[in-house]
Amino acid sequence: MKQNIINELGALAIGSRMRRLHDALSRDASKIYEEYELQFDIKYFPIFYLISRRKQIGIMDIAEELSLTHPAIIHLAKELEKKGYIESITAPEDQRKRMLRLSAKGKKSLPSFEKVWEKIGQLNQLLFEQQHQLLQTLDAIEQTLDEKSYYRRFQDTLK
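Within each chain, residue numbers correspond to sequence positions counted from 1 in written order. For a predicted model such as this one, the threshold for reporting local features is a pLDDT of at least 70, and the threshold for listing and counting side-chain atom pairs is 80 or more; totals across whole chains, interfaces and linings nevertheless cover every residue. Working from all heavy atoms in the structure, the side-chain values ignore hydrogens and water.

The name recorded for the protein in an unreviewed UniProt entry is DNA-binding transcriptional regulator, MarR family, from Pedobacter caeni.

Its place among the elements puts K83 in helix α5 (residues 70-83). C-alpha separation for the pair K83 and Q39, spaced 44 residues apart in sequence, amounts to 7.5 Å. If sequence neighbours within four positions are ignored, K83 has contacts with Q39, Y44 and K105. Secondary structure elements are defined from DSSP: runs of H or I of at least 4 residues count as helices, runs of E of at least 2 residues count as strands, and each element is numbered from the N terminus. For this analysis, residues touch if any pair of their heavy atoms sits within 4.5 Å.

Even without being a glycine, E37 presents a positive backbone phi close to 55°. Among the structural elements, E37 can be located in the loop between α2 (14-35) and α3 (45-54). Looking at E37, the relative accessible area reads 73%, which means it is exposed. Positive phi is not limited to glycine here, since S67 has a value of about 55°. Take S67: it is sitting in the loop between α4 (59-66) and α5. Residue exposure (1.4 Å probe, protein chains only): buried if accessible area is under 20% of the type maximum, exposed if over 50%, otherwise partly exposed.

A few words now on the pairing of strand β3 (residues 94-102). When DSSP finds at least two bridges between two strands, those strands are taken to pair. Two elements, strand β1 (residues 56-58) and β3, share three bridges in a ladder whose sense is antiparallel. Bridged to I57 within β3 is L100.

Axis definition: a line fitted to C-alpha atoms, limited for helices to the stretch in contact. Angles are taken between N-to-C directions and run from 0 to 180 degrees. For the pair α3 and α4, the least separation of the axes is 11 Å and the interaxial angle reads 120°. Both α3 and α4 take part in a crossing whose hand is right-handed. Contact residues: P46, I47, L50, I51 and R54 in α3; I62, E65 and L66 in α4. Of the residues assigned to the contact of α3 with α4, the class counts are six nonpolar, no polar and two charged. Here is the rule for handedness: rotate from the far helix to the near one, and if that takes an anticlockwise turn smaller than a right angle the crossing is left-handed, while a clockwise turn gives right-handed. Residues were grouped as follows: Ala, Val, Leu, Ile, Met, Phe, Trp, Tyr, Cys and Pro as nonpolar; Asp, Glu, Lys and Arg as charged; and all remaining residues, including Gly, as polar.

Here it is as structure tokens:
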């Protein structure tokens, strides 16, 4: 790996390194989706995958399950709807509640997505679990931060 200031900063730049890794994975995942003729950005993956597994799910339920904000889910859902992969319907039991489900295009594309996801999953398993146990480390860090936020920990260092 080429040495640069971000690498030299070590733990101080952990967020920057994670962002750089995310950007590299996103770039290549976009190429993979293009090769399968899927107009898809990886930012849609969690919501699209969840909808594909739940068949029909409410915005609030998605936000809760993915630990994302309600406005973030609405934004992603609108983009996915524009691309034609999902559709919005009103819940039969509550006309104010919006439910999301796969559209005809989403259902038709799902086998191609699943093929890509299987291959990406295998690759990620090799890259991140077997060699470096990154996923287990991320789980542990997220658990730790759930117990006490990063901000609170920082505030404690000032005392």
